[in-house]
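Architecture and fold: a report
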Amino acid sequence: MPTVEVSFTALPSHVRTARLIALAVARRAGVDEQFLDEVRLAVGEACSRAVNVHQGTGLDAPIVMSLSDEQDRFSVEVTDRGPLEGAASAPDLDDLDAQALTAEAESDSEPMPDLLPPGFGLAVISGLVEDVAVTSDTTGTSVRMTWPATDVMAPDGR
Amino acid sequence: MPTVEVSFTALPSHVRTARLIALAVARRAGVDEQFLDEVRLAVGEACSRAVNVHQGTGLDAPIVMSLSDEQDRFSVEVTDRGPLEGAASAPDLDDLDAQALTAEAESDSEPMPDLLPPGFGLAVISGLVEDVAVTSDTTGTSVRMTWPATDVMAPDGR
Amino acid sequence: MDLSLSTRTEGDRTVVTVGGEIDVYTAPKLREQLIDLVSGGNYHLVVDMESVDFLDSTGLGVLVGGLKRVRAHEGSLRLVCTQERILKIFRITGLTKVFPIHATVDEALAATD
Amino acid sequence: MDLSLSTRTEGDRTVVTVGGEIDVYTAPKLREQLIDLVSGGNYHLVVDMESVDFLDSTGLGVLVGGLKRVRAHEGSLRLVCTQERILKIFRITGLTKVFPIHATVDEALAATD
Ligand SMILES: Nc1ncnc2c1ncn2[C@@H]1O[C@H](COP(=O)(O)OP(=O)(O)O)[C@@H](O)[C@H]1O
Ligand SMILES: Nc1ncnc2c1ncn2[C@@H]1O[C@H](COP(=O)(O)OP(=O)(O)O)[C@@H](O)[C@H]1O
């Protein structure tokens, strides 16, 4: 099983560590330089989202990030124990600017104008990464992102 | 709990990934440049040893590497599910050259002259790292190594 | 890399120079800075992002929050950014239509649209 | 970084130039190379480690194995290494007393002790 699993409690500082780890392993797995920024940003979004879900629902369980390096693909799967944002609330990216402007009218009454709509992180991931799969059931939600890689680490590659 | 856990099946290629991860996180945790080579080598030795133990005893369980960044210390603990090499077989480092030379006399009859004595990896770690603790019980063995760090990632450091 | 922040006044505008990573871990620090500025009566902000090397949606949220706060006082929030990898996230989220984005601090200071 | 290996002949000696990381993952490749050379009758080896950036005890084991193999044929195995971080592991394991370690390939080729 060519998978390494990283698990961490739902803290913002661990998101940075997870991002750093994913970036280092992606580079080592032969993911092309042109995709590394994408890996860094998308993994960060997926982990931030998971941390927010756990913190928001008071879940103590760890977030799990699995890194797989198979053949010519490098995948990162981030799994939490919480629910997926309802499809109803998933924002239309084309609409975000409109939403931002609308919200502004009521900004004085809004206690947290910094909060973007739920599902924003997932929308960014979808806008960024070509190969994304989001699955969710009663045990939790998982976001799996895949990038092309030259398999420099293949066991038969020596 | 400021700990990130990395788990991986007992394969040599994962030792490299674990080493890369430990190095990246150590650097991020503020471990001084002068210790980074030591972290890289010692973590590699600890993981190689654990992989050998699992492979040698046919254990399927993953190896677990825990990274903790607490106050001014950075610790890496590598845990396996196997036994510790008997103290009787632990080599005296000063003696290794003698052992190497002795073994050479019988090298033609030796099928694997590349194998260093069991406990060699642990001996290297002890020779290298100032703060090491090895514990072992019926559930497995763990090697914990600690280095000084400036706590750049402290949650209250922002 | 942690977040670095510094501010200076240029006429009626305040330039906030941000460096490092703006993410779920550091965004609260930037958020506080923007709130402090607005509370102190600084309603025309120029956020210089040329030294930012990472920005995620939490960071975007804080910038949108800052924009809402200054607009509540008829103010402005302009960004300075030429880095393609940072611009990309504004583009895919459609926020290029919300923020005036300038190539230099001078251009942002001179802008009046 | 993976292991790189190349060999060339200089008189009665064979120079093996090694680069990258010698560890539990790549050591088998170096081991095969040394076994092949000895099987092919090359008993005087110079292993140039100047481009090695990582060496662990598995790698040391392979070098010790190579030394045993050539000595079984009255041969020699000399190392070329000036990098402090690589030398350190030879020193803490006492293997500096087992391997002749030279500063340059030329010095290793000229050595006859
Ligand atoms: N734009 C980039 N593209 C690819 N790799 C990068 C980029 N920026 C930084 N890196 C690399 O990512 C790793 C982490 O960098 P970064 O996240 O910027 O620093 P930090 O780890 O302090 O947050 C480093 O190895 C760095 O060289
Ligand atoms: N001697 C060293 N001391 C500290 N860091 C190093 C050293 N050599 C390499 N590194 C760093 O360690 C990381 C992994 O490097 P290395 O292990 O040499 O390459 P690879 O990851 O391909 O094996 C890289 O970020 C590199 O910059």
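Residue numbers run consecutively from 1 along every chain, following the written order of its sequence. Labels follow written order: the first chain is A, the first ligand is 1, and so on. At least 70 in pLDDT is required for a residue's local features to be given in this predicted model, at least 80 for side-chain atom pairs to be given and counted, and no such filter applies to totals for whole chains, interfaces and linings, which use all residues. Side-chain measures here rest on the full set of heavy atoms in the structure, leaving out hydrogens and waters.

**A look at the overall build of chain A**
By definition, any uninterrupted DSSP run of H or I lasting at least four residues is a helix, any uninterrupted run of E lasting at least two residues is a strand, and each is numbered from the N terminus. The secondary structure content of chain A amounts to four helices and five strands. When the helices and strands of chain A are placed in sequence order, the string is β-α-α-β-β-α-α-β-β. Within chain A, the fraction of its 158 residues that count as buried is 54%. Put simply, of all contacts in chain A between residues at least 6 apart along the chain, 71% involve residues at least 24 apart. The buried label goes to any residue with under 20% of its type's maximum accessible area, the exposed label to any with over 50%, and the partly exposed label to all in between, with areas taken from a 1.4 Å probe on protein chains only. The contact definition used throughout considers only heavy atoms, calling two residues in contact when any of these lie within 4.5 Å.

**Notes on the overall build of chain C**
A count of helices and strands for chain C gives four helices and five strands. Note on method: radius of gyration uses C-alpha positions; expected globular size equals 2.2 Å times residues raised to 0.38. Computed over its C-alpha atoms, the radius of gyration of chain C comes to 13 Å, within 12% of the 13 Å expected for a compact globule of 113 residues. In terms of principal-axis extent, the alpha carbons of chain C reach across some 30 × 25 × 20 Å. Among the 113 residues that make up chain C, the fraction classed as buried is 57%. Contacts spanning at least 24 positions in sequence make up 67% of the contacts within chain C whose residues lie at least 6 apart. Within the structure as shown, chain C displays about 4,300 Å² of accessible surface, and the carbon and sulfur contribution to it stands at 48%. By the counting rule applied here, Lys and Arg register as positive and Asp and Glu as negative, while His and the ends of each chain are not counted. Charge coordinates come from a single atom per side chain, which is NZ of Lys, CZ of Arg, CG of Asp or CD of Glu. Measuring between centres, the 12 positive side-chain charges of chain C sit 6 Å from its 16 negative side-chain charges. Surface accessibility in these figures is a Shrake-Rupley result with a 1.4 Å probe; residues are shielded only by whichever protein chains are displayed.

**Some points on the packing of aromatic side chains**
Here a pair means two rings of Phe, Tyr or Trp (six-membered ring of Trp) with centres within 6.5 Å. Their orientation is stacked below 30 degrees between planes, edge-to-face above 60, and tilted elsewhere. Following the criterion strictly, the structure yields two aromatic pairs over all chains and no others. Taking 5.8 Å as the distance between ring centres and 85 degrees as the angle between the ring planes, the aromatic pair formed by C:Phe90 and C:Phe99 counts as edge-to-face. A relative accessible area of 1% places C:Phe90 in the buried class. Here C:Phe99 falls in the buried class, since its relative accessible area comes to 3%. The ring of C:Phe54 has A:Arg19 sitting right over it, with the charged end atom 3.8 Å from the ring centre. To sit over a ring, a charge needs its Lys NZ or Arg CZ within 6 Å of the ring centre and within 35 degrees of the ring normal.

**Focus on the pattern of salt bridges**
Where charged atoms from two side chains of opposite charge come close, those side chains can pair. A pair is scored as a salt bridge if a Lys or Arg side-chain nitrogen falls within 4 Å of a carboxyl oxygen belonging to Asp or Glu. In this structure the tally under the stated criterion is 33 salt bridges over all chains. For B:Asp131, the salt bridge is made with B:Arg73, and the minimal N-O distance between the two is 3.3 Å. In this pair, B:Asp131 is assigned in strand β4 (residues 131–137) and B:Arg73 in strand β3 (residues 73–80), connecting sequence segments 58 residues apart. Given the relative accessible area of 33%, B:Arg73 is considered partly exposed. The salt bridge involving C:Glu10 is made with C:Arg8; its shortest N-O contact spans 3.0 Å. Assessed through its relative accessible area of 32%, C:Glu10 is described here as partly exposed. When salt bridges that share partners are traced, they join A:Arg16, A:Arg19, A:Asp37, A:Arg40, C:Glu21, C:Asp23, C:Asp53 and C:Arg85 into one network.

**Details of the pairing of strand β5 (residues 140–148) of chain A**
Residues and elements named next belong to chain A. Of all the nine residues making up β5, seven are buried; the element is thus mostly covered by neighbouring parts of the structure. Pairing of strand β3 (residues 73–80) with β5, which is carried by eight bridges, proceeds in the antiparallel orientation. From the neighbouring strand, serine 75 faces β5, where its bridge partner is threonine 146. Criterion used throughout: strands pair if DSSP finds at least two bridges between them. Linking two consecutive strands that pair antiparallel, namely strand β4 (residues 131–137) and β5, is a turn of two residues.

**Comments concerning the confidence of the model for chain C**
With 99% of its residues at a pLDDT of 70 or more, chain C has an overall mean of 95. Two numbers describe this predicted complex: its pTM, 0.79, and its ipTM, 0.76. Each residue gets a pLDDT score, which is the predictor's confidence in that residue and runs from 0 to 100.

**Describing the sheet that holds strand β3 (residues 44–55) of chain C**
Residue and element names in this part refer to chain C. Reading across the sheet, the five strands line up as β1-β2-β3-β4-β5 and stay open at both edges, with mixed pairing between neighbours. One side of each edge strand has no neighbouring strand; the edge strands of this open sheet are β1 (4–10) and β5 (101–102). As paired strands, strand β2 (residues 13–22) and β3 are joined by eight bridges and run parallel to one another. Pairing of glycine 19 across the sheet is with serine 51, part of β3. A fitted line through C-alpha atoms serves as each axis, taken over the contacting stretch for helices, and the angle formed by two N-to-C directions is quoted from 0 to 180°. Running over the sheet, helix α1 (residues 27–39) touches β1, β2 and β3 and is turned about 175 degrees from β2.

**What to know about helix α3 (residues 84–92) of chain D**
Of all the positions in α3(D), only D:Ile86, D:Leu87, D:Ile89, D:Phe90 and D:Ile92 are classed as buried. Buried residues along α3(D) sit against α2 (33–57) and α4 (120–128) of chain B together with β3 (44–55), α2 (57–71), β4 (76–80) and β5 (101–102) of chain D. Just beyond α3(D), the residue with positive phi is D:Gly94, at close to 75 degrees.

**Here we look at the side chain of B:Asp80**
Residue and element names in this part refer to chain B. Its location among the elements puts aspartate 80 in strand β3. Here a polar contact means two N or O atoms within 3.5 Å. Within protein one must be a hydrogen donor candidate and the other an acceptor candidate, and residues neighboring in sequence count only if both atoms are side-chain atoms. At a separation of 2.9 Å, a polar atom in the side chain of aspartate 80 contacts the side chain of arginine 49. Setting aside residues no more than four positions away along its own chain, aspartate 80 makes contact with Arg49, Ala50, Val53, His54, Ile63, Thr139, Gly140 and Thr141.

**Some details on the sheet that holds strand β2 (residues 63–70) of chain B**
Adjacent strands of a sheet pair through backbone hydrogen bonds, lying either parallel or antiparallel. Spatially, β4(A)-β5(A)-β3(A)-β2(A)-β1(A)-β1(B)-β2(B)-β3(B)-β5(B)-β4(B) is the arrangement adopted by the ten strands of the open sheet, whose pairing is antiparallel. The outermost strands of the open sheet, each flanked by one partner alone, are β4 of chain A together with β4 of chain B. Across the sheet, the mean angle from the axis of one strand to that of its neighbour is 15 degrees, orientation sign disregarded.

**Considering the nonpolar core**
Buried Ala, Val, Leu, Ile, Met, Phe, Trp, Tyr and Cys residues form a nonpolar core when they are joined through side-chain atoms within 4.5 Å. Grouped together as the largest cluster of nonpolar side chains are 141 residues, with contacts concentrated most on A:Met65, A:Met145, B:Met65, B:Met145, C:Phe90 and D:Phe90. For D:Phe90, the contacting residues outside a window of four places in its chain are D:Met49, D:Leu55, D:Leu60, D:Leu63, D:Leu79, D:Leu95, D:Thr96, D:Phe99 and D:Ile101.

**A look at unusual backbone geometry**
A positive phi is found at A:Gln71, a non-glycine position, where the angle reads about 45 degrees. On the secondary structure map, A:Gln71 appears in the loop between β2 (63–70) and β3. Positioned with a positive phi, C:Glu74 is a non-glycine residue whose angle comes to about 60 degrees. In this structure, C:Glu74 sits in the loop between α2 (57–71) and β4 (76–80).

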